[in-house]
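Observations on the three-dimensional arrangement
Each chain, written out:
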Amino acid sequence: MFVLHRVLATAACTLAIAVATGLSASAQIKIGAVLSVTGPASFLGDPEKKTLEMYVDEINAKGGVNGQKLQLIVYDDGGDANNARTFATRLVEEDKIDAMVGGTSTGSTLAMIPVFEDAQIPFISLAGAIQIVQPVRKWVFKTPHTDKMACEKIFADLKQRHLTAIAIISGTDAFGKSMRDQCVAVAPNWGITVVHEESYGPRDSDMTPQLTNIRNKADVQAVVNTGFGQGPAIVTRGYRQLNIGVPLYESHGVASKQYIELAGTAADGVRLPAAALLVAEKLPDNDLQKPVVVAYSRAYQQKTGQAVSTFGGHAYDGMMILVQAMQRAQGADKAKVRDEIERTKGYVGTGGIVNMSPTDHLGLDLSAFRMLEIKNGDWTLVPDAKS
Amino acid sequence: MAEFLQFLSSGLTVGSVYALVALGFTLIYNASNVINFAQGEFVMLGGMSTVFLALAGVPLPIAALIAVIVTTAIGLALYRFAIEPARDASAVSLIMITIGASIFLRGLAQVVFDKRFHSLPMIFGAEPLRIGGAAVLPQSLVVLGGATTIVLLLWAFIDRTILGKAVIATAVNRLAARLVGIDTRRIIGLSFAISAAIGAVAGVLVTPITLTSYDVGTLLAVKAFAAAMLGGIGSALGAVVGGLVLGMLEAFSAGYISSKYKDAVAFIVLLAVLLAMPRGLLGRGKIERV
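Residues numbered from 1 in each chain as written. Chains lettered and ligands numbered in written order. Predicted model: local features only at pLDDT ≥ 70, side-chain atom pairs only at ≥ 80, totals over all residues.

1. Regarding the overall build of chain A
The secondary structure content of chain A amounts to 12 helices and 14 strands. Each principal axis of the C-alpha distribution contributes one length, and for chain A these read about 105 × 45 × 40 Å. Per-residue burial for chain A yields a buried fraction of 55% across its 387 residues. Contacts in chain A between residues at least 24 apart in sequence constitute 68% of all its contacts with a sequence separation of at least 6. (Helix = DSSP H or I, 4+ residues; strand = E, 2+ residues; numbered from the N terminus. Buried ≥ 20, exposed ≤ 12 C-beta atoms within 10 Å, placed from the backbone. Contact = placed C-beta atoms within 7 Å.)

2. Overview of the packing of helix α3 (residues 60-83) of chain B against helix α8 (residues 184-210) of chain B
All names here are of chain B. Their axes nearest at 8 Å, the elements α3 and α8 cross at an angle of 145 degrees. Where α3 crosses over α8, the handedness of that crossing is right-handed. Contact with α3, carried on its side by Ala 64, Ala 67, Val 68, Thr 71, Thr 72, Ile 74, Gly 75, Leu 76, Leu 78, Tyr 79 and Arg 80, involves Ile 188, Gly 189, Phe 192, Ala 193, Ser 195, Ala 196, Ala 197, Gly 199, Ala 200, Val 201 and Val 204 of α8 and no other residues of that element. Here the residues of the contact of α3 with α8 sort into 15 nonpolar, six polar and one charged. (Axes fitted to C-alpha atoms, helices over the stretch in contact; angles between N-to-C directions. Left-handed = near helix turned anticlockwise from the far one by under 90°. Nonpolar A, V, L, I, M, F, W, Y, C, P; charged D, E, K, R; others polar.)

3. Side note on helix α4 (residues 91-112) of chain B
All names here are of chain B. An ideal rise of 1.5 Å per residue puts 32 Å on 22 residues; α4 measures up with 31 Å between its terminal C-alpha atoms. Of all the positions in α4, only Leu 94, Ile 97, Thr 98, Ala 101, Ser 102, Leu 105 and Ala 109 are classed as buried. All buried residues of α4 project into a common sector of 145 degrees when viewed along the axis, lining one side. Exposed and facing more than 90 degrees away from the buried side of α4 are Val 92, Ser 93, Gly 107 and Val 111. (Expected span 1.5 Å × (residues − 1). Arc of directions from axis to C-beta.)

4. What to know about the pairing of strand β2 (residues 70-76) of chain A
Every other side chain in a regular strand lies on the same face of the sheet, so the side chains alternate between the two faces. Residues and elements named next belong to chain A. Burial of the side chains of β2 is restricted to one face: Leu 70, Leu 72, Val 74 and Asp 76 are buried, whereas none of Gln 71, Ile 73 and Tyr 75 on the reverse face is. Judged from the seven bridges that link them, strand β1 (residues 29-35) and β2 form a sheet pairing that is parallel. Paired with Leu 35 across the strands is Asp 76, a residue of β2. (Pairing = 2+ DSSP bridges.)

5. Quick notes on the domain arrangement of chain A
Residues and elements named next belong to chain A. Taken domain by domain, chain A comprises domain 1 (29-146 + 289-365) and domain 2 (148-282 + 370-381). Distance between the C-alpha centres of domain 1 and domain 2: 27 Å. Mapped onto the side of domain 1 that touches domain 2, the elements with two or more residues apiece are α2 (42-61), α4 (106-119), α10 (290-304) and α11 (310-329). Top element by residues in the side of domain 1 that touches domain 2 is α10. It accounts for four residues. Residues that form the side of domain 1 that touches domain 2 fall into these classes: 14 nonpolar, 15 polar and no charged. (Domains from an automatic or database assignment.)

6. Some points on the interface of chain B and chain A
Each side of the interface is counted separately: chain B has 24 residues, and chain A has 27 residues. Looking at the side of chain B that touches chain A, the elements that each hand over two or more residues are α1 (2-32), α10 (236-257) and α11 (262-276) of chain B. Per-element tally for the side of chain B that touches chain A: the top contributor is α1(B), with five residues. When the residues that make up the side of chain B that touches chain A are grouped by side-chain class, the tally is 11 nonpolar, seven polar and six charged.

Quick look at the structure:
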């Protein structure tokens, strides 16, 4: 009798352990995201958060990835690179994530890169500057177009309009400064000369002194504003207030309806390079991106009641590239997933068609950018420049 | 010349906001020796409340009025629940309490409002006026006019009413004021309420130009504090002068020198004043009888 009890007890324990092990085999895949949901980059980070949450829910509802559910852990860095770094460390050490999709701004991304490189966790960034993928780092990828591509798209358009002398007014944040550096570097290749430069702090509320200086330079034929968040909105308002007649170009950092809301009628006539997502319904039917961008933009609008922005689109691309890589890698093994991300080919996303390689962790070319002009408070497509 | 006028108008506009916030600092400091670092939050609350009431469908003038009243109530609540219970604490403790209150109000704003940037329509339209070659927004003139009106009203209140005299008496010597029957607690509460109201009005007037979000109060409070120190903490006229001068220094340095260091101007001024001229431009020296 005594022996029987012991046998039964042992059997029960073994069964319990087997069940427990079985349960842990379908443990969740943890995806971390450090986003700037509040602060000066909030109109980038907020749609990113909503998009990631939306699609994680959708993927989980369809059964997850390789039978495993996804768990999304989001932290808000408030636009501060120091906070981003702290949260990145927490994601790696405490939450033990398998992959990371995030880094709303260039500043926060650059701060977090060393953390993920050391921990050997694949990191898909949602920020703009080219330094994120050049030089290529083994574990770091990105989905948004680079600032260098934005400069080139703008210069191509300027050339088409026969404008060669420009002034640059840049934000002193990492992205604004980085794009300004890229524009200055590639300008000679396009026959463009930068005749004047000004800058402003990302939280400044009045740029009229800087714009006055630009207006007084008689040889300026166009103005390029590099930056994101509220700065460009205030620059645009000041631009119209001072009645500076020459064309104004913004960067893709303002690719959100909120910019138009804040800048008001001053935004009419402003041109910017942006992803096809913003003009989803207006694309020609044979455009490869049209089904993807229309589907995303309708889903986003329905779920959140807000107009779609390219930043949410970059988050969508990041999540989809990661998930497809995990499916190809048959699991969440970090090294295998990283290899599969690098092998992404022909992925049609909201930002363009992605073809990554060991030397290209972005995978987009200039055709992924469209030149848009704002008319009557809405985006319109400008016929492509011969770039 | 046109350039100079442009910088001047930009400097005076932002300077008026600094002046009004600095005035709030001075009022509260005079009555209670407390430097209220939540002052910037009053500006933020005035602007954000108006935006959200307007979004909810309330007509703009009424939304602005309600926003000012709500902010005044918050100022009173700040005094009643945070400052008054700690009235015997040291000055440093009281300052820390106000910093804590400012963080609390910022957090509250994030939850009650949202984390985005908002604007208000300009009262007289966005078409700038051409004055001597400079393009001046009508809203700038509204801000300047509003600031002047508030300063005049405040001066009339302080100088021409019994309650105003009581405020001065409390500022000069609190114990003596109590001895002659002035309820100093109510006077200090009044100073908080007036500062909050002034801040809220400034917020409503300037939001069409500078936009607003839940965290505009922080930097504003620090700069306005620098302005109050520049003008001489304790002097109301000094606060106004300090605010305008700081605004103009920022605009001129951004225009003529470099726009990169615009924010640094306020801090350089603060350091210079604290090191070389702690009394500020118009502050009265402390006279002690030995």
